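Spelled out from the first residue to the last, the chains are:
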Amino acid sequence: MTTGTPAFAGTSTRITGAGDTGSANAVDWWSAQRPGGMVINYDGVGSTAGLNHFANGLVDFAVTDLPYDTPPASAFTYAPLVGDAVDFAYRLTADGRRVTDLRLSEPVLAGIFTGTITRWNDPAIAADNPGVTLPGTAVRPVVRADANGTTLAFTSWLATRRPAQWAEYCGSCGATALYPVNGGNFVGLAGALNTAGFVENSEGSIAYVPHPYALSTRNTVAEIRNVAGFWTRPTATSITIGLTRAGRTPDLTPAFANPDPRAYPVPFYHYLVVPTATTARFTADAGLGVTRFAGYAICAGQQQVDLLGYAPIPLNLTTDAMEQLRRVPGADTSVLQVTGCANPTFRADGTTILDTAPYPTAPDPTEIITTTVEPGTLTVSVETGDVVLPSPVLSPDGETLVTSGDIRTVTVADTRAGSPGWNVSGQITDFTDGASHSIPAGRLTWTPAVLDAGPAQHVTAGPPVTLDRAATLGSGDVGTARLGAHLVLNAPTSTLPGTYSAVLTFTAI
């Protein structure tokens with residue numbers, strides 16, 4: 001690679017270029033093949049720097065995923081070079097399991113990256129993922145903090161496919177290379193490698209990442225529903241098919257609406273920037289070298305780009321590239337012909353990837369069935385009427401005055417969702433005669449019993465105890481149960497005559 005001003009002007013056998021890092025692996029691989037014995041020096045300094053190098057006459061060509069904001073004075077054109085896509089990498093765990101099958105529709109994807117969907121269990125995400133457990137984790141959208149072509153491609157998609165949502169978020173910004181962040185839980189990072197790496201290690205995060213970086217980082221990526229209604233993962237084939245509707249460089253708008261069920265819906269591509277006129281530095285001899293290199297790159301050079309994480313450009317973009325490259329002074333037009341081009345997406349017999357790529361299986365017809373589980377209630381009721389115990393009689397051992405009876409039936413009705421369970425306890429006051437005489441509560445014992453319960457209900461009676469403190473009458477789960485208890489009062493023999501009463505209070509939790 002070279003940096004700064006090259007030591008030589010381009011020739012038919014030696015040329016120099018600069019530009020984006022996203023396509024650098026492909027350009028370096030092509031350069032290593034030495035097509036026609038050529039030497040190609042490429043400097044991956046980034047799209048903006050590469051465009052500046054080209055505008056200043058420092059290189060023979062540039063590679064970019066961003067167009068010029070202000071075109072250079074010298075004549076130039078763009079030519080498609082290699083396919084790419086915006087992947088949506090995420091990290092999400094539910095019930096201790098990594099979620100690997102996330103699906104996102106257009107409105108949901110836009111909602112996430114405009115801050116209107118903030119939790120992973122949002123009903124809109126749940127509707128895209130029936131049967132998938134989603135946690136209530138906060139969504140952390142990760143966006144690029146630097147100007148770049150991936151952001152431009154994604155915001156172009158947002159402005160094209162979800163214009164109302166995008167305009168509500170960013171006003172009139174439209175397609176932009178610098179992502180606007182309007183508060184919320186957004187994270188901004190510079191560089192594709194940083195965003196891909198952050199997501200891989202940050203729970204609840206999701207980022208838009210160029211396809212090669214998502215593959216090299218081993219990101220988990222979402223399936224996106226395309227225009228035809230099919231859930232689609234980014235692959236070399238789905239990206240290439242998506243690009244079969246791409247417009248003239250660098251117009252991606254038609255690709256975003258590709259109706260092919262095999263198409264990935266957010267593709268983009270990197271493109272060459274080449275001169276269309278000679279300059280003091282760029283001669284026709286250099287033009288011969290540039291077009292020979294480019295002719296190799298867009299034809300035979302596409303055969304293994306999928307191994308590097310890219311997608312080969314289809315026939316429409318290859319044809320467009322050849323048409324533009326023929327405008328380069330000194331162009332070798334013999335390498336810019338569809339006939340004899342070894343691009344793997346089309347054949348000499350006229351068949352293309354659109355004829356050979358398999359179609360997805362039509363999804364089974366579905367319908368959404370919804371029900372709402374109400375929270376339910378826990379109620380406790382007591383049979384009306386007071387409990388009247390018979391007059392106490394002297395016990396056989398002559399130590400106490402004894403009487404007994406049963407409490408009124410207690411009914412527990414539990415309709416609460418989730419069956420949290422219940423416990424009913426009772427606590428009684430001392431018996432008093434309305435004056436100053438009393439029988440302590442601890443003189444009363446009870447033996448709880450389950451009188452009735454539902455067939456699938458689990459209900460347990462409390463143990464026999466003295467009621468000197470709160471005691472369990474029974475416990476159980478969802479359903480309706482009837483509880484009772486047998487009472488035995490052992491009053492002291494010193495108890496004065498009179499009518500004694502106590503209050504038994506039931507509490508349910």
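Keep in mind it's a predicted model, so treat the numbers as computed, not measured.

Participant: I'd like to hear about the overall build of the protein, residue by residue, with values.
Facilitator: Scanning the protein for helices and strands turns up 13 helices and 27 strands. Taking 509 residues into account, the globule formula puts the C-alpha radius of gyration at 23 Å, and the protein, at 39 Å, lies well above it. Considering only C-alpha atoms, the protein reaches an extent of 130 × 45 × 40 Å along its principal axes. Residues classed as buried in the protein amount to 48% of the 509 residues present. Counted over contacts in the protein with a minimum sequence separation of 6, partners at least 24 positions apart contribute 73%. For the protein, the computed accessible surface area is about 22700 Å², with 53% contributed by carbon and sulfur atoms. In the protein, the 27 positive side-chain charges and the 41 negative ones have mean positions that sit 9 Å from each other.

Participant: I'd love a proper account of the state of the cysteines, names of residues and values included.
Facilitator: Under the counting rule described, the total for this entry stands at 2 disulfides. Sulfur-sulfur distance for the disulfide between Cys-170 and Cys-173 comes to 2.0 Å. Sign of the S-S torsion, about -75° for the bond between Cys-170 and Cys-173, identifies this disulfide as left-handed. The buried category is assigned to Cys-170, whose relative accessible area is 15%.

Participant: Describe the side chain of Ser-425, naming the residues involved and giving the relevant values.
Facilitator: Relative to the assigned elements, Ser-425 resides in strand β19 (residues 422–428). Assessed through its relative accessible area of 17%, Ser-425 is described here as buried. Residues in contact with Ser-425, not counting those within four places in the same chain, are Ala-471, Thr-472, Leu-473, Thr-505, Phe-506 and Thr-507.

Participant: Before we move on, can you summarise the environment of Ala-453 with the specific residues and values?
Facilitator: Its location among the elements puts Ala-453 in the loop between β22 (444–452) and β23 (459–461). Classification of Ala-453 by relative accessible area gives partly exposed; the value is 30%. Along the chain, Ala-453 and Arg-482 lie 29 residues apart, while their C-alpha atoms are 6.4 Å from each other. Excluding its chain neighbours within four sequence positions, the residues that come into contact with Ala-453 are Val-459, Thr-480 and Ala-481.

Participant: Explain the pairing of strand β25 (residues 471–476) to me, and be specific about the residues and the numbers.
Facilitator: As defined by bridge partners, β19 adjoins β25 across 5 bridges and the pair is classed as antiparallel. Across the sheet, residue Ser-425 finds its bridge partner in β25, namely Thr-472. Across 3 bridges, the pairing between β23 and β25 is antiparallel. Among the inter-strand pairings, Thr-460 is bridged to a residue of β25, identified as Ser-475.

Participant: I'd like a description of the side chain of Thr-403, backed by residues and values.
Facilitator: Within the secondary structure layout, Thr-403 lies in strand β17 (residues 400–406). What Thr-403 contacts, discounting residues up to four positions off in sequence, is Leu-389, Pro-390, Ser-391, Pro-392, Leu-487, Val-488 and Leu-489.

Participant: A description of the nonpolar core should follow, citing residues and the corresponding values.
Facilitator: Judged by nonpolar contacts, the single largest core of 89 residues is most densely connected at Phe-88, Ile-112, Phe-113, Phe-154 and Tyr-179. With 9 residues, strand β4 (residues 76–90) is the single largest residue contributor to this core.

Participant: I'd like a description of the pattern of salt bridges, backed by residues and values.
Facilitator: Think of it this way: side chains of opposite charge can pair up when their charged atoms draw near. Evaluated as defined, the whole model comprises 12 salt bridges. Among the ionic pairs, Arg-469 bridges to Asp-468, the shortest N-O distance being 3.5 Å. For Asp-468, a relative accessible area of 44% corresponds to the partly exposed category. Look at the salt bridges and you will find they share partners, linking Arg-103, Glu-223 and Arg-233 into a network.

Participant: I'd like to hear about the environment of Thr-237, residue by residue, with values.
Facilitator: Among the secondary structure elements, Thr-237 is positioned in helix α9 (residues 236–242). In the structure, Thr-237 is positioned 187 residues away from Val-424 in sequence and 65 Å away in space, judged by C-alpha atoms. If sequence neighbours within four positions are ignored, Thr-237 has contacts with Ile-353 and Ala-357.

Participant: Go over the sheet that holds β25 with me, naming the residues and quoting the values.
Facilitator: One open sheet accounts for 4 strands, arranged β23-β25-β19-β27; its pairing is antiparallel. Either end of the sheet is taken by a strand with one partner, and the two such strands are β23 and β27 (504–508). Within this sheet the neighbouring strands show an average axis-to-axis angle of 20°, counted without direction.

Participant: Describe in detail unusual backbone geometry, supporting the description with residues and values.
Facilitator: Phi is positive for Arg-218, which is not a glycine, with a value near 60°. Looking at the secondary structure, you find Arg-218 in the loop between α8 (211–217) and β11 (220–221). Even without glycine at this site, Ser-419 takes up a positive phi of about 45°. Within the secondary structure, Ser-419 sits in the loop between β18 (410–414) and β19. You can call Ser-419 partly exposed: its relative accessible area is 34%.

Participant: Lay out the sheet that holds strand β12 (residues 223–225) in plain terms, naming residues and giving numbers.
Facilitator: Judged by pairing direction, the sheet is mixed, and its 3 strands sit side by side in the order β7-β12-β13 without closing on themselves. Because the sheet does not close on itself, it has two edges, and the strands there are β7 (103–104) and β13 (231–232).

The rules behind the values
- Counting restarts for each chain: residues are numbered from 1 in the order of the written sequence.
- Residue-level local features of this predicted model are given only where pLDDT is at least 70; pairs of side-chain atoms are given and counted only at 80 or more, and the full residue set underlies all totals for whole chains, interfaces and linings.
- Here the side-chain values reflect all heavy atoms present in the structure, with hydrogen atoms and water set aside.
- Where helices and strands are cited, they refer to DSSP runs of H or I of at least four residues and of E of at least two residues respectively, numbered from the N terminus.
- Radius of gyration: over C-alpha atoms. The globule rule applied is 2.2 Å multiplied by the number of residues raised to the 0.38 power.
- Exposure categories follow from relative accessible area, calculated using a 1.4 Å probe and restricted to protein chains: below 20% of the type maximum is buried, above 50% is exposed, and the middle band is partly exposed.
- Note on contacts: a residue pair qualifies if any of its non-hydrogen atoms lie within 4.5 Å across the two residues.
- Note on areas: Shrake-Rupley, 1.4 Å probe, and residue coverage restricted to the protein chains presented here.
- Just so you know, the count uses Lys and Arg for positive and Asp and Glu for negative, and it drops His and the chain ends.
- Charge coordinates come from a single atom per side chain, which is NZ of Lys, CZ of Arg, CG of Asp or CD of Glu.
- Two cysteine sulfur atoms make up a disulfide if the distance between them is within 2.5 Å.
- Any two strands with at least two DSSP-identified bridges between them are counted as paired.
- Among buried residues, those of type Ala, Val, Leu, Ile, Met, Phe, Trp, Tyr and Cys that are joined through side-chain atoms within 4.5 Å constitute a nonpolar core.
- Any Lys or Arg side-chain nitrogen located within 4 Å of an Asp or Glu carboxyl oxygen qualifies as a salt bridge.
- Throughout, an axis means a line fitted to C-alpha atoms (over the contacting stretch in the case of helices), and angles, computed between N-to-C directions, take values from 0 to 180 degrees.

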